[in-house]
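# Geometric and topological summary
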Amino acid sequence: MENTNHVSEIPMSSSPKKLTGLLSKLSFGILTALLFLIPFFFIPSSLVSFQISKSVLVMVGVVLAAIFFIINLIKEGKVTVPKNLFFLSIAILPIVFLISSIAHGAQAVQLIGYSLDSGTVAFVFFATLLLYLVTESFEKKEHVFKAYIAFFASFVVVGLYQLLRLLFGPDILSFGLFTTSIGNLVGNWNDLGIFFGLSTILSLVSLEMLSLSRLYKTILYSVFAFSIFFLMFVNFVTIWMVLAVFALIFFVYIISFDKFSSSEKFVEGAVSGEGHLHTRKISYNALALLVISVLFVIAGQTLGTKISSVSKINNIEVRPSWGTTLTIIGSALKDNAIVGTGPNGFTQAWLVHKPAGINESLFWNTDFSYGIGLIPTFFVTTGVLGIVAWVFFFVMFILVGVRAIYYSLSDLFSRFLITSSFMAALFLWIMSVLYVPSTATFALAFFFTGLFAANLRREGLLKVKTLSLVNHPKLSFVSVLVLVALLICNVTLGYFVIEKVVADVSFQQGVSVAQTGQNLDVAQNYMVKAVGISNYDKYYRGLSQVNLLEVNQLLSKPGATPESIKDPFQQTLGSAIENARQATLVNPTNYQNWLALAQVYASLVPAPFAIPGAYENAKAAYESAQRVSPNDPTIVLLLARLEVAHKDLEKARVYANQAVEMKKNFADAHFLLAQIEASEGNVAKAIPPLQTTLILSPNNPGLFFQLGLLEYDQKDYASAIDAFARAIIQVPDYANAKYFLGLALQKTGRVADALQQFKEIAVSNPDNVDIKNIITNLEAGKDPFANVPAPKNHPEKAATPPLPQKN
């Protein structure tokens, strides 16, 4: 008997379903737009750095997509929870960065950095969240296909822009930012190469694994050909090597799967849906890419030279070598094995552990922020925890990827999506190991990994569990509470990042005003605003430098005396000291903060503004800088100069010699040694270090002039003539060099040549009575200083040059 006591099912209103559908579409649309914009987006302002603009784009896109995604989860009442090690390996990454940062005090430079740097906690968090959002939002094949269309559309923008610059030069569409031949929309020159390497791989896989109409095949062949064309101009050997390996592997893969077709039709005429099988036993496209790649690996330097001569493009980029990076990793792990130096802290490890031989190279004073590659850099900054986390992620990614591309799928279009997304992501991750890509390129690695994970989820290759929150009130309450908390945290973190960007823009405005010599009060106001928003050490350091510029303005005022400027001088100098000291408190591990403080005190050591305690404070600050950067010869040289100002020449000589020991070819240290010897009257001892200085710095006419004076004083007139002549070769109107050259020539009996020098000086100094007197004496066959009383008859002994011109 039928039971009539049933409860009728009430149909739900379509409004909630429409709303959840709209929220889902908004999240998907934002992420698709983000993929399209990342490669070429920038803010056309010199006040906003290129990398900051892209980092902010990624952050804003992720925050907006996350807002709609979380609201949609709350509306739907169900949550998808991954049940696999692959997603666990991804989730661990930001946690490891956060742990490392907390262990080192959770400084702002580690959490967010100055410009949302790729090595900060915030960026890794946003990048990981981006990967998860892409996985959830691109659940359908149509979604992934649209993502590819967005990427290829971005390729068109970047490619056309770069083609115009190749044809018409760097002045075209420079926007005041891309003023060099290597300027581009993606990042640095090699980042552009990575972008075209990515488009090469995607177009190659698409050509080989899809049955395309003639139109779309022509489009993809154009993308493939132009990608290789641009790669030739970039000519980054690492990319060629990686592409060669990829081409070889894909060539073998195509042979092992000789039947590819698509079973669905997504775009009119783009993907054939007739269901026929098209046999491809050999991929001639992959073979062509392999041959070209190997050719540029073998003869890349020769070919690159020819291409550079035609295109006038030269790119020089310096990174620590693999050997040096491994040395830094090993040394950093000895200092703090578990958590490393802290996020964004590679420079700290570099300063302490850089090889001694670096000081003899051209890059001795370069503070590298990264090693040979981005991922090896993270090994330094996050320690063993980071190493384990990244190795775990890569192992899971490769294992899942290899298993997926060989998995038996009846839908060949799904096989294409899995293979292409895996190869694209793998290429970007390999480049992140071998190179230091920009934040934009690094974000693309997470994006394409998210596409790969979405494809795997759709095909059931990654297990997930869907939890319904509607039928479990307690679970619903807790989950909604957690989701709301995540939403608030996400928005709050985004707000803090925007706040940091506003502060950085204000600081750059202050720097710009100060550099152009405009109103220093305006520059100071900009920097004070920056400090008020973000408590960063470089802002305080900048304020201290502006204060010192104000001090110089006071000293250069007409008629200024120590008494007349005493009060403003003391007040401004006190501000300079306080701001520099604040910088050391905010970040005591940055040696530049200690140098800023030391140099303020050092300016108060010599007369007439010497104050008690300035020498001791300056020395203590220099020594603090030296503890942070123990292998920097510049700090030792500054200590030597401090001792000179303190009139302790013996200590100054010791420090200067230490600087030379640290860097044999340190021209400034050799010159200081020469000055010390000369000031003590040891002219003969001063000449060798000055000669060494000139060997190391041969394009300094002022040093040749100083050497000539010393040799003239030692009556080595022949050597003096050579030194003065070399100064004049570099600066033809060097009047003081001509003056002493004329005197040296007269001493060697070359009176006519000497007279010629003084007549040339008279042309540029027609009212100089002393020059006229010397000419008269020489023409009369007399000594240049006949009837000239002491001390004017010995100009080489004077404290200042005889002529007002300075060179």
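Here's what I pulled together on the structure shown here. (Residues numbered from 1 in each chain as written. Predicted model: local features only at pLDDT ≥ 70, side-chain atom pairs only at ≥ 80, totals over all residues. Heavy atoms only, no water.)

## Side note on the side chain of Lys619
In this structure, Lys619 sits in helix α21 (residues 614-628). Overall, Lys619 belongs to the buried group, its relative accessible area being 16%. Non-local contacts of Lys619, meaning those with residues more than four positions away in its chain, are made with Leu639, Leu642, Glu643, Lys651 and Tyr655. (Helix = DSSP H or I, 4+ residues; strand = E, 2+ residues; numbered from the N terminus. Buried < 20%, exposed > 50% of the residue type's maximum accessible area, 1.4 Å probe, protein only. Contact = heavy atoms within 4.5 Å.)

## As for the packing of helix α28 (residues 735-747) against helix α29 (residues 751-764)
Angle between the axes and distance between the axes: these two values describe a pair of packed helices. Packing of α28 against α29 leaves a shortest axis separation of 8 Å and a crossing angle of 160°. It follows from the interaxial angle that α28 and α29 lie roughly antiparallel. Between α28 and α29 lies a crossing whose hand is left-handed. Contacts between α28 and α29 involve Ala735, Lys738, Tyr739, Leu741, Gly742, Leu743, Leu745 and Gln746 from the first element and Val751, Asp753, Ala754, Gln757, Phe758, Glu760 and Ile761 from the second. Residue classes in the contact of α28 with α29 are distributed as nine nonpolar, three polar and three charged. (Axes fitted to C-alpha atoms, helices over the stretch in contact; angles between N-to-C directions. Parallel < 35°, antiparallel > 145°, perpendicular 65-115°, else oblique. Left-handed = near helix turned anticlockwise from the far one by under 90°. Nonpolar A, V, L, I, M, F, W, Y, C, P; charged D, E, K, R; others polar.)

## A few points about the packing of aromatic side chains
Given two aromatic rings, their pairing is described by the distance between the two centres and the angle made by the two planes. Scanning all chains against the criterion turns up 64 aromatic pairs. Taken together, a centroid distance of 5.8 Å and an interplanar angle of 80° make the contact between Phe394 and Trp429 edge-to-face. Here Phe394, found in helix α13 (residues 374-405), pairs with Trp429, found in helix α14 (residues 412-434); they are 35 residues apart in sequence, far enough to count as distant. Exposure remark for Trp429: the relative accessible area of 1% places this residue in the buried category. Between Phe397 and Phe422, the ring centres sit 5.2 Å apart and the planes meet at 40°, which makes this aromatic pair tilted. In this pair, Phe397 is assigned in helix α13 and Phe422 in helix α14, connecting sequence segments 25 residues apart. Sitting over the face of the ring of Tyr536, Lys500 holds its NZ or CZ atom 5.1 Å from the ring centroid. One Lys or Arg, Lys538, reaches over the ring of Tyr114 and ends 4.8 Å from the middle of that ring. (Phe/Tyr/Trp six-rings, centres within 6.5 Å; stacked < 30°, edge-to-face > 60°. Lys NZ or Arg CZ within 6 Å of the ring centre and 35° of its normal.)

## Describing the environment of Leu73
Mapping Leu73 onto the fold places it in helix α2 (residues 50-76). Put simply, Leu73 and Ser24 are 49 residues apart on the chain and 9.3 Å apart in space, counted from C-alpha to C-alpha. In this structure, Leu73 is in contact with Lys78 and Leu483, ignoring residues within four places of it in sequence.

## Structural notes on helix α24 (residues 667-679)
Taking 1.5 Å per residue as the helical rise, α24 with its 13 residues ought to reach 18 Å, and the 18 Å between its terminal C-alpha atoms agrees with that figure. Every buried residue of α24 is accounted for by Ala667, Ala669, His670, Leu672, Leu673, Ala674, Ile676 and Glu677. After α24 finishes, the residue Gly681 shows a positive phi value of roughly 85°. (Expected span 1.5 Å × (residues − 1).)

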